[in-house]
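The residues making up each chain are set out below.
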Amino acid sequence: MAQLAHRPIVVSNRLPYVIQREGERYRAVPGSGGLIAALLPVLRGMGGAWVGWSGMAGEDPGLQQALDEAGDGRFSMHAIMLSKEEVDQFYHGFANEIIWPLFHDLASLCNFVPAYWQAYLQVNRRYARAVFEQAGECSFVWVHDYQLMHVGAELRRLGHTGPVAYFLHIPFPPVDLFLQLPWRRAIVRALADYDLLGFQTLRDRRNFLQCLQALIPETSIAGRGQVVQVRIGERRLRVGHFPIGIDYAGVAGAAASEAVAERVRELHKLLPDRTLILGIDRLDYTKGIPLRLHAFRNALERYPELRTKVTLIQVVVPSREPIPSYHDLRLQIEQIIGRINGEFTAPGNWVPIHYVFRSLDHLELSAYYRAAGIALVTPLKDGMNLVAKEYCAASIEEDCVLILSEFAGAAAQLRGGALLVNPYDIEGTADAIQRAVRMDRAERLRRMRKMRRDAQRRDVFWWVDSFLKAAELPEAPAGIGPTPTPHPALANQRVGGAF
């Protein structure tokens, strides 16, 4: 087994275990998602650590005991405690009312409250102090996502001299949008304090480098390929693009189970003699759900032969409901679905849209993926969108079609097989739905097989290895990779995100 040269410390907004209270005690339950599936084996094998928020407001001494028991001595977890005010101002405020909409090209939705910035800095310092207590010169610190951009800079201020890397899971905006951020220079300089910066796509890397040059004129860039070299005075760093993958073997294995096959048969029995079209998204305005629904209505109107022959199953997973804009979005979605069903529902048990508003367990999710002849994945902007890749992995019969937004990061990898659409183009998306329904079987198989090969070759374990190699570290230990049997990576997952 190859050994990492540095002890890994993973830093993310949330810990990889979910804390549940049972009477007077806490229990740590494994979380889900590709990032957790890929990195926990590395930490267990190397004796690493994971630092993140527990998901609870306030402090409780029993919490750390539950985390220690879950780590089982092979790796450690360290909970960041946040007050309710910090959760409101740092997480709901700065992260989700400023950075999230701005980085998804929706600056009009930003709420640039100065207090949010101060809370963001305060919480990032707390993360950095927790990491610093765990790290030594032989530690490799890997920070994740938009909530924690300043952790590397704060670590440097504390005196940490070991390698520190960062990966952004969401898009990075173009320079004209980023310049609207009041704290733009401070954030760019903080990102430049990392030794390696990773982005999802070449587009995101290019946007960041242009922002860097606009705000720090002494920046010079050299090299080409996946990783380039950046110099700012005496400071040197590497910047690359690393498209994150899924646990392909886990998703495909779960879809192939007899339990999922039985659920698929039940779905087809309930909705017989029609093509099932699947939309599955976390509740978020970046997912383009209202425009997708309008496109589906347009397809029914302009292509009447589709009526009674297709059913859209739209799954919306609850998310960030305390934020007013998300509550309003839910109402908007439900009103559009009500109008479409009221207009087109026909006697004889045909309803155009079946709407599900809740989280799915792994059996349901796998069954929906496998049963759907068409998947509509049409975000307005996405760092990657793992739902697109999971749909391909779970489509083991391969006789199906992916309709994918050209603004999803996954489009760069899957463009050879997916039908790419502009989600703002309602008629164009409607045309793609009609084309997918009419596509002959040979073309469906050819397209899906290509996408499945791409998703399998560049899975989440490939992503970890490629990032560690770019950080000039040995690849993950031998034997760390897809598990031979299906694992619950899909259970209660946060749909469409890395973690």
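Above this text you will find the structure in question.
Residues numbered from 1 in each chain as written. Predicted model: local features only at pLDDT ≥ 70, side-chain atom pairs only at ≥ 80, totals over all residues. Heavy atoms only, no water.

Enquirer: Explain the sheet that holds strand E14 (residues 353-357) here, please?
Expert: Strands belonging to one sheet form pairs held by backbone hydrogen bonds; the direction of such a pair is parallel or antiparallel. Read from one edge to the other, the open sheet built from six strands follows the order E14-E13-E12-E15-E16-E17, with strand pairing classed as parallel. Both outer strands of the open sheet, E14 and strand E17 (419-421), are each paired with one neighbouring strand and no more. Averaged over all pairs of adjacent strands, the angle between strand axes in this sheet comes to 20°, irrespective of strand direction. Pairing geometry for strand E16 (residues 401-405) and E17, over three bridges, is parallel. From the neighbouring strand, serine 405 faces E17, where its bridge partner is valine 421. Lying over the sheet, helix H16 (residues 426-438) contacts strand E12 (275-282), strand E13 (310-317), strand E15 (374-377), E16 and E17, oriented at roughly 165° with respect to E17. (Pairing = 2+ DSSP bridges. Helix = DSSP H or I, 4+ residues; strand = E, 2+ residues; numbered from the N terminus. Axes fitted to C-alpha atoms, helices over the stretch in contact; angles between N-to-C directions. Contact = heavy atoms within 4.5 Å.)

Enquirer: Where do I start with the pairing of strand E1 (residues 7-14) in this structure?
Expert: The side chains of a regular strand alternate, first on one face of the sheet and then on the other. For E1, a buried count of six out of eight residues is recorded, marking the element as mostly surrounded by other parts of the structure. As paired elements, E1 and strand E6 (residues 139-144) share five bridges and run parallel to each other. By the bridge assignment for E6, valine 11 is matched with valine 143. Of the pairings in the sheet, the one linking E1 to strand E4 (residues 49-57) comprises four bridges and is parallel in character. Each residue of the ladder has a partner; that of valine 11, found in E4, is valine 51. (Buried < 20%, exposed > 50% of the residue type's maximum accessible area, 1.4 Å probe, protein only.)

Enquirer: Sorry, what's going on with the packing of helix H14 (residues 386-394) against helix H17 (residues 441-457) here?
Expert: Interhelical geometry of H14 versus H17 gives an angle of 115° and a closest axis separation of 9 Å. Considering their axes alone, H14 and H17 lie roughly perpendicular with respect to each other. When the axes of H14 and H17 are compared, the crossing they make is left-handed. Across the interface between the two elements, Tyr391, Cys392, Ala393 and Ala394 from H14 touch Met448, Met451 and Arg452 from H17. Here the residues of the contact of H14 with H17 sort into six nonpolar, no polar and one charged. (Parallel < 35°, antiparallel > 145°, perpendicular 65-115°, else oblique. Left-handed = near helix turned anticlockwise from the far one by under 90°. Nonpolar A, V, L, I, M, F, W, Y, C, P; charged D, E, K, R; others polar.)

Limitation: the analysis is restricted to geometry and does not speak to function.
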